[in-house]
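So you can see what is in the structure, the chains are spelled out below.
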Amino acid sequence: MANWGKIARRSFLIGSAAVAGGVAFGVYQYRRELPNPLQPGVGEATLNPWIIINQDGVTLVAARAEMGQGVYTTLPALVAEELDVAWEDVRVIHGPAAQAYYNGGLMSHALPATDYDRTGFQEVMIEAMTVLPKMIGLQVTGGSTSTLDAYEKLRQAGATAREVLKQAAADRLGLPRGSLETRDGRVIAPGGIELSYTDLAVEAAAIDPPRSVELRPRSQWRYLGQSMPRLDMVEKVTGAAEFAIDVRMPDMRFATVRMTPRLGGEMLSFDATAAEAMPGVDRVIDLGTGIAVVASNTWLAMQAADAVEIEWGPAPYPETSEEMLDIIRAALDEAPNSTLRDEGDIDRMEIDPADRVIEAEYTVPWLAHATMEPMSAAAHHTGDRLEIWAGSQAPGFAEARAAEAVGLDADQVSCHVTYLGGGFGRRGESDFIVLAARVAQAVQGTPVQVTWSREEDMRHDFYRPAAAARMRGVLRNGFAHALEGRVAAPSVTRQAMARMTGSAPPGPDKGHVEGMFNQPYAIPNYRVTGHLADLAVPVGFWRSVGNSFNGFFMESFIDEMAIAGGRDPLGFRLDLAEREHAPTAGVLRAVAEMSGWAADRPEGTGMGVAMTHSFHTPVAVVVEVQQQDRDIVLTRAWIACDVGTALDPSIVEAQMVGGLYFGLSAAMMEEISFAGGEVQQVNFPDFDALRIHQAPRVEVRILETQAHLSGVGEPATPPSMPALANAIYDLTGERIRDLPLNRRVRFVV
Amino acid sequence: MATTLTVNGTAHQVDLPDDVPLLWVLRDALGLTGTKYGCGVAACGACTVQIDGEAARSCQVALADVWGQVTTIEGLGTPAALHAVQAAWVEHQVAQCGYCQSGQIMQAATLLAATPDPTDEDIDTALSGNLCRCGTYPRIRAAVHAAAANLRGA
Ligand code: FES
Ligand code: FES
């Protein structure tokens, strides 16, 4: 077990701020109800921040960004389950950016301890830390926390609203509330009297809701635990779903930006004569570190942007990825930023002559998010107001940053959150929204759609950092006796927090070592240190964050240990997990059974296993590969996960498969490299992802043995990468320690 | 000089230069935003439409080169009257973020018009140019088979 006492004596990266905040704000403020930001129109009523009722029916507010993960379905289902509305009648909107929609679940990751063996004390700490998101109105979609945060909150919202609707009916009919029932948007009284919610809503809004209501047990659920038809599906198959790039307004103009390709560098000079002479081009705007072109259509704006002659200043970081990797590797020998796990005594343990000691070093490259929809936002500046339409994972921050950029107060700026054409962490940043705001300011009075070219998008990301690890293991009688891991990379947490809040949090960076220090493996001597490399390349949250590299390092090395010890890789892991965490052992057993792991493999077939516990969810993956002529083909994959409660099994399955493919794409073929301080990859031909003919058949098994609900959007990504590398080892005998794998093997293209 | 363009059965006069790609004519001039921009270089398939029934990457077809009647996702079917492929997409709950799906569906509809009973391999070949970053491929395969069965039965 990780030593909680030891950890508690250290400072917390996020935790300290949160706990201190709790004291500063006081209990009263924390308990205080946050104001309902919804402003009902005539004949409309809002019963709490999640429910609007008018003559057309019931509209539920999701308040989280729908980026494919199904929050526009699962979150309304939580409310509807208690509110008793028919699924076909449910409508969903994102709603405004507001403090009431803070994400308390984010703090579930903040404690610098493993989360599979939390004590009661730790649970209390986490509870206390939700004060921070509440106080600063941290409305963020990320960290696989949306359902975790919403699970109690939204069911309570539905239940208390149902009770006030019943009370309104009771008052009108002169009957006790207890004699009434609810069904499909109506209150039903004895004798067949029915009153619709739309009819009762205005009266109900005047009634004080009960503070809390007992929630229905799982045995009574009608929507939760079922695969519900997604509320966004019909729109998304008919072209009707509105993404930010699709926002159109009368007299709208179309713009694009071209910012310095040396990220963080300056623009020394530019000449827009040729661009401005192009028919249909309105103007070229100087944005300081780049330019924007406003024109009659997006394509023309992009052509004109290319026609501007620009001289760029140097980048504030080394020119090539090779030099950067040297800096990252060198950090492995510097003093650690964190030692979040230190069990046994790595430095003084005795090593028997019969023990086997193995060592290995690994690296992974920079990665782009490459969301399917390039960065885009629409904006309309009318002097004293700025309206923005954007796919934002953090609309509150976006409003604040945009307001700053154009010199307005935050309450003069509204960010309307559209559907996101993929997020993966990229759309938690506000850079593209700020640029759209500035373009709108420059053409004040005219609504403008600002669309980045794919080339601009790929070369101006907040990248998943390149990272390196040095691993050392000791095997005794075929068992893992010791594991020491060192991880080095630039700190995503520090950079991202500094962008969001203005200062980088001090103390150990948990996100940097997650996926390595917190794995539920019983290894008597187990130490993980995190080493931060100082590089000014923009880095950000990329689906599964630190787990995306640590999962690969850890589970490749565990595989190497198993093989060095003459053990079966799956059985070796099972031994380690069984003594530490039953749900993790459970997913390993499940995936062994599903994949027929124990059976003999035909010639030319390899299988690899990996397990990562992340976002509170253990996920085990087996990947099968085959040699077909000169190419390696990914034939099949199996995933077993334990999510505690699967609120919507179809969505959980889709997220597991999508998360797996996302990781496989990276492991096989993705790499961002730098030369001359500029990103070398520009578009999908040189930064591709898995295609349908390359995608393995996948079988998913969802287990529900954990006591708590856990994340589903990210945790399948980390184990996918080592599972594939381990399968290739099984097939070819070659251990590949540096991603992407296609530098060393040929995949079918 | 205005060009006449027929999209989803409606004729439009488009006053844009000849070299503007059809994609941007649809999106920015006609307000038909169901057809998506993903790469602009024929590498992702998000912009797929049909021209005289043939699948085409609209980012690669200049306005002056449009050789026939254009059908976009909005013209294939509507929320009230879904095309068989769209209905199968709903039945199999294919879309995640949804951004690639207009292109996937237009490509799949084109495949089924020529190949009423496709194998997995036919599907993979036809759709390998349509990237999905969310990883909806297994459900795409299932939905294409379901749509094929429906269309054959109809
Ligand atoms: S936008 Fe046309 S293929 Fe990608
Ligand atoms: S559904 Fe998101 S890219 Fe395909």
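Residues numbered from 1 in each chain as written. Chains lettered and ligands numbered in written order. Predicted model: local features only at pLDDT ≥ 70, side-chain atom pairs only at ≥ 80, totals over all residues. Heavy atoms only, no water.

Quick notes on the overall build of chain B
Next up, step 1: For chain B, the helix and strand inventory stands at six helices and five strands.
Next up, step 2: Ordering the α and β elements of chain B from the N terminus gives β-β-α-β-β-β-α-α-α-α-α.
Next up, step 3: Its C-alpha atoms give chain B a radius of gyration of 15 Å, near enough to 15 Å, the size a compact globule of 154 residues would have.
Next up, step 4: Partitioning the contacts of chain B with sequence separation of at least 6, the portion at a separation of at least 24 is 54%.
Next up, step 5: Total accessible area on chain B is roughly 5300 Å²; 51% of this is exposed by carbon and sulfur atoms. (Helix = DSSP H or I, 4+ residues; strand = E, 2+ residues; numbered from the N terminus. Rg over C-alpha atoms; globule rule 2.2 N^0.38 Å. Contact = heavy atoms within 4.5 Å. Areas by Shrake-Rupley, 256 points an atom, 1.4 Å probe, with all protein chains shown as cover.)

So, the environment of His369 of chain A
Next up, step 1: With respect to the helices and strands, the residue His369 of chain A is situated in the loop between strand S14 (356-364) and strand S15 (376-381).
Next up, step 2: Distance from His369 of chain A to Ala410 of chain A, taken between C-alpha atoms, is 29 Å for residues 41 residues apart in sequence.
Next up, step 3: Residues in contact with His369 of chain A, not counting those within four places in the same chain, are Gly423, Phe424, Gly425, Arg426, Asp461, Phe462, Phe541, Trp542 and Phe662 of chain A together with Arg133 of chain B.

Some remarks on the sheet that holds strand S22 (residues 605-614) of chain A
All names here are of chain A.
Next up, step 1: Here four strands make up an open sheet; going across it, the order is S22-S23-S24-S27 and the pairing mixed. Each edge of the open sheet carries a strand with a single partner, namely S22 and strand S27 (697-703). Between one strand axis and the next, the sheet turns by 15 degrees as a mean value, whatever way the strands run.
Next up, step 2: Note: strand S23 (residues 617-628) against strand S24 (residues 631-642), ten bridges, orientation antiparallel. Residue pairing across strands places Gln626 opposite Val633, the latter belonging to S24.
Next up, step 3: Against the sheet, helix H19 (residues 582-595) touches S22, S23, S24 and S27, its axis set at about 140 degrees to S24.
Next up, step 4: The strands touched by helix H21 (residues 717-732) are S22, S23 and S24; relative to S22, the strand with the most contacts, the crossing angle is about 155 degrees. (Pairing = 2+ DSSP bridges. Axes fitted to C-alpha atoms, helices over the stretch in contact; angles between N-to-C directions.)

A short note on the domain arrangement of chain A
All names here are of chain A.
Next up, step 1: Considered domain by domain, chain A is made up of domain 1 (4-103 + 139-238), domain 2 (244-311 + 375-451) and domain 3 (321-367 + 463-743).
Next up, step 2: Centre-to-centre separation of domain 2 and domain 3, based on C-alpha positions: 37 Å.
Next up, step 3: Every contact between the two is made by eleven residues of domain 2 and, on the other side, 14 residues of domain 3.
Next up, step 4: In total, domain 2 and domain 3 occlude about 990 Å² of area from one another, counting both sides; carbon and sulfur atoms represent 55% of this.
Next up, step 5: Three residues stand out in domain 2 for area buried against domain 3, namely Leu263, Phe424 and Glu429, and they jointly supply 52% of the buried area on that side.
Next up, step 6: The tally of links from domain 2 across to domain 3 stands at two salt bridges.
Next up, step 7: A salt bridge links Glu429 to Arg499; its shortest N-O distance comes to 2.7 Å.
Next up, step 8: Counting the contacts that link domain 2 with domain 3 gives five residue pairs in polar contact (both at pLDDT 80 or more).
Next up, step 9: Classifying every residue of the side of domain 2 that touches domain 3 by side-chain character gives five nonpolar, two polar and four charged. (Domains from an automatic or database assignment. Buried area = accessible area lost by both parts, 1.4 Å probe. Salt bridge = Lys/Arg side-chain N within 4 Å of Asp/Glu carboxyl O. Polar contact = N/O pair within 3.5 Å; in protein donor to acceptor, adjacent residues only side chain to side chain. Nonpolar A, V, L, I, M, F, W, Y, C, P; charged D, E, K, R; others polar.)

Quick word on unusual backbone geometry
Residue and element names in this part refer to chain A.
Next up, step 1: Following Leu739, the chain continues to Pro740 via a peptide bond in cis, the omega torsion being 0 degrees.
Next up, step 2: As for its position among the elements, Pro740 is in the segment after H21.
Next up, step 3: Unusually for a residue other than glycine, Asp84 sits at a positive phi of about 65 degrees.
Next up, step 4: In this fold, Asp84 is placed in the loop between helix H3 (71-83) and strand S4 (91-93).
Next up, step 5: Even without being a glycine, Ala370 presents a positive backbone phi close to 45 degrees.
Next up, step 6: Along the chain, Ala370 falls in the loop between S14 and S15.

Concerning the confidence of the model for chain B
Next up, step 1: Taken residue by residue, chain B gives an average pLDDT of 97. The fraction at 70 or more is 99%.
Next up, step 2: The ipTM for the predicted assembly is 0.98, set against a pTM of 0.94. (pLDDT = per-residue confidence, 0-100.)

Topic: the pairing of strand S2 (residues 51-54) of chain A
Residues and elements named next belong to chain A.
Next up, step 1: Alternating positions in S2 separate into two faces, Ile51 and Ile53 on one and Ile52 and Asn54 on the other, with burial throughout.
Next up, step 2: Counting the residues that bridge the hairpin from strand S1 (residues 45-48) to S2 gives two residues.
Next up, step 3: Bridge analysis of S2 against strand S3 (residues 57-61) gives four bridges, and the strand direction is antiparallel. Residue pairing across strands places Ile51 opposite Leu60, the latter belonging to S3.
Next up, step 4: Linking S2 to S3, which pair antiparallel, is a turn of two residues. (Buried < 20%, exposed > 50% of the residue type's maximum accessible area, 1.4 Å probe, protein only.)

Points about the sheet that holds S3 of chain A
Strand pairs in the sheet, formed through backbone hydrogen bonds, run parallel or antiparallel to each other.
All names here are of chain A.
Next up, step 1: Read across the open sheet, the four strands follow the order S1-S2-S3-S4; overall the sheet is mixed. Edge positions in the sheet fall to S1 and S4, since each of these pairs with one other strand and no more. Neighbour-to-neighbour, the strand axes of the sheet open up by a mean angle of 25 degrees, direction not taken into account.
Next up, step 2: Together, S2, S3 and S4 form the strand contacts of H3, whose direction differs from that of S3 by roughly 125 degrees.
Next up, step 3: Against the sheet, helix H7 (residues 197-205) touches S1, S2 and S3, its axis set at about 65 degrees to S1.

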